[in-house]
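Examining the three-dimensional arrangement
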Amino acid sequence: MNKAILCVDDEAIILSVMQKKLQKYFTDRVKIYSALNAESALELINDLHAKEIQLMVVIADYLMPGMRGDEFLLKVGNNYPWIKSIMVTGMAEKEIIEDLRSRKIVKAVFYKPWLDDELFSTVEECMDF
Amino acid sequence: MTENVYRNNSRGIQQRVKYINIFLAVFLVLVLVNILYRIIFLGRLFLPGYYFAFPVIIILLLLNRKGYYKAVAMLTPMSVLAGIFIAITAKTLTEISFAYGTTVLIFTLFFSSIRNTMIIAFLSIIVLPLYYIFSYSPENVNFMLLFEVLSANILIFIIALLFARTVQVDMDDKTTLIGEIQHRVNNTLETFRGLVEMHDFHNDNPEIKDTFKHLNTLVLCMGSVHKNIDSKLNYHTVNFSNTAAALIEICSLNNPGFSMSFTMEKQKQIYLRIEKSLPLAIILAELMQELSQCHADGMSLEIKKNQEAVEIFINGEDTQNMISEKSITNEDSLSGELVQMLLMQIDADIKVKDTAGNLFHISFEDLKQNMKFR
């Protein structure tokens, strides 16, 4: 198993539950990683890349202290164009979401609280098993 | 996010200030020409009283640029009041003409809207010269009077523009704050759902797991209402058509095998007030939950809204005859208590298995919708 998904959210509870639910859904097919902010997520992505772990999907919150979700996903897209990005948000500005979608920076956007099944199926599509 | 929106607002403000500066520059040129005309052709420098407003405009503009919007909002009506005083004490036809402009400002600004004030002031700038030219023979046109009346109207136009800008900035700030609160509400709902699910992970009791699932569904229902709050209608109104569709989807995902079609009258989107929408969403979720356990076929949800009331019909075949008046009015059950409590909150009536063949028929009066800003 060298495929991976990375979840990034500054809310520890949301992050932990998302990680557990994704791990339960994908069982041992995929390893789920998590980070509490964009900066440590970027470091983690570099580490995973160095270890030749294939990071397939990044799920990031929009509003986080420090680097925001859209900036983070833009950096991920520029450095690792094969990684698919999904954004979760409480209520981001529609213009920003449209911009991210039109520039194909994010594959999908989910508003909190999201429906798990929808998120899982979108992640599964991105995984391209 | 808030900072970013404020930055976007600032860009809009800068653009508007640019337009105000153009008008102010035009006004300055007009004043300068007026002064030169008086000195060169009349040989005296007498300025009408309303020219006092000129330094006031500069002060307002400077305060605007510095971001002291509240000071501007206070000074603007004060300058209008001073203008009224001058109009009342006017001795010359020029000053009386200024009273016309002031009256326009007062009546349109306070009894109509800022936009109308600007339109009327702008039209006055166009119409007044035509009036003077067509009222007098060309050789008798009092160009000085015409010029001063035009100046007064331009002045009013600038004041209205400043006032509009001040109100707009205030509204933009409030919209930003409401958006931020919305974000926090949705984030908190997701955190709460996460907490429930963490408990669920650490619990093997099937009954408790069912309770967690129920809580989870209710949080998702509340979330669907918040997601459909319409920002264009001042955050008071919810697109309930989208909410109802989301409720059916939530119930279908949580209860495999459950399906329900949703029809709207003439494909119209139905909007309800937030205070009605949230309890109604929970009531519908509870009813759907009950129906999902009945395994009823061919179910449909229909919402009708007219000027007086909202009517909701849930139709379907009660195959196992499990839906009875008793089940929904039984306050000993959590579901029954919730539904009864929330029906009372929105002052709604419910009929179970009525003569028309509906499984549920909910009706309540909707509040008059009058929340758009002028």
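Residues numbered from 1 in each chain as written. Chains lettered and ligands numbered in written order. Predicted model: local features only at pLDDT ≥ 70, side-chain atom pairs only at ≥ 80, totals over all residues.

A few points about the packing of helix 9 (residues 274-294) of chain B against helix 11 (residues 334-345) of chain B
Residues and elements named next belong to chain B. The test is simple: Axis definition: a line fit to C-alpha positions, over the contact stretch in the case of helices; interaxial angles, taken between N-to-C directions, run 0 to 180 degrees. Note on conventions: DSSP H or I runs of at least 4 residues are helices, E runs of at least 2 residues are strands, and numbering of each starts at the N terminus. In what follows, roughly perpendicular refers to angles from 65 to 115 degrees, roughly parallel to angles under 35, roughly antiparallel to angles over 145, and oblique to any angle outside these ranges. In this scheme the handedness of a crossing depends on how the near helix is turned from the far one: anticlockwise by less than a right angle means left-handed, clockwise means right-handed. Residue pairs are scored as contacts if the distance between their C-beta atoms, which are placed from the backbone, is within 7 Å. Residues were grouped as follows: Ala, Val, Leu, Ile, Met, Phe, Trp, Tyr, Cys and Pro as nonpolar; Asp, Glu, Lys and Arg as charged; and all remaining residues, including Gly, as polar.
Packing of helix 9 against helix 11 brings their axes to within 9 Å, and their N-to-C directions diverge by 150 degrees. Taken as axis vectors, helix 9 and helix 11 run roughly antiparallel relative to one another. In this structure, the crossing between helix 9 and helix 11 has a hand that is left-handed. Counting all contacts with helix 9, which are made through Pro279, Ile282, Ile283, Glu286, Gln289 and Glu290, the residues of helix 11 involved are Ser335, Leu338, Val339, Leu342, Leu343 and Gln345. Classifying every residue of the contact of helix 9 with helix 11 by side-chain character gives seven nonpolar, three polar and two charged.

What about the interface of chain A and chain B?
The partner chain B presents 24 residues to the 14 residues of chain A that form the contact. When grouped by side-chain class, the residues that make up the side of chain A that touches chain B number eight nonpolar, one polar and five charged.

Thoughts on the environment of Arg273(B)
All names here are of chain B. Note the following rule: The burial criterion counts other C-beta atoms lying within 10 Å of a residue's C-beta, which is placed from the backbone; the residue is buried at 20 or more, exposed at 12 or fewer, and partly exposed between these limits.
Among the structural elements, Arg273 can be located in strand 3 (residues 271-273). You can call Arg273 partly exposed: it has 18 C-beta atoms within 10 Å. Along the backbone, Arg273 and Asp366 are 93 residues apart, and their C-alpha atoms lie at a distance of 7.7 Å.

So, the nonpolar core
For soluble globular proteins, the rule of thumb is that nonpolar side chains tend to be buried together. All names here are of chain B. Operational definition: Here a nonpolar core is just a set of buried residues of the types Ala, Val, Leu, Ile, Met, Phe, Trp, Tyr and Cys, joined wherever their C-beta atoms sit within 7 Å.
Ranked by internal contacts, the top residues of the largest apolar core, which has 38 residues, are Cys221, Leu247, Ala281, Leu284, Ala285 and Met288. Elements represented by at least two residues in this core include exactly helix 7 (206-227), helix 8 (240-254), helix 9, strand 4 (297-305), strand 5 (309-317) and strand 7 (360-365). Looking at this core element by element, the count peaks at 10 residues for helix 9. Ignoring anything within four residues of it in the chain, the contact list for Leu284 reads Ala244 and Leu247.

A word on helix 5 (residues 116-127) of chain A
The line we're drawing: Each residue after the first adds 1.5 Å to the expected span of a helix.
In this model, helix 5 of chain A (12 residues) spans 16 Å end to end at C-alpha, consistent with the 16 Å of a helix rising 1.5 Å per residue. Looking one or two residues beyond helix 5 of chain A, the residue adopting positive phi is Asp128(A), at roughly 55 degrees.

Regarding the packing of helix 8 of chain B against helix 9 of chain B
All names here are of chain B. Between helix 8 and helix 9, whose axes approach to 10 Å, the crossing angle comes to 30 degrees. For the pair helix 8 and helix 9, the sense of crossing is right-handed. Between helix 8 and helix 9, the contacting residues are Phe240, Thr243, Ala244, Leu247 and Cys251 on the first element and Ser277, Ala281, Leu284, Ala285, Met288, Gln289 and Ser292 on the second.

Remarks on the confidence of the model for chain B
Residue and element names in this part refer to chain B. Here is the rule: You can read pLDDT as the predictor saying how much it trusts each residue, on a scale of 0 to 100.
Put simply, chain B has an average pLDDT of 73, and 53% of its residues get 70 or more. Mean pLDDT values over the elements of chain B span from 58, in helix 4 (residues 93-111), up to 91, in helix 7. Counting contacts from residues 1-10, a segment whose pLDDT is below 50, to residues more than four positions away or on other chains yields 10 contacts. Below a pLDDT of 50 lies the segment residues 368-374, which in the model reaches nine contacts outside its immediate sequence neighbourhood of four places, other chains included. This complex was scored by the predictor with a pTM of 0.68 and an ipTM of 0.84.

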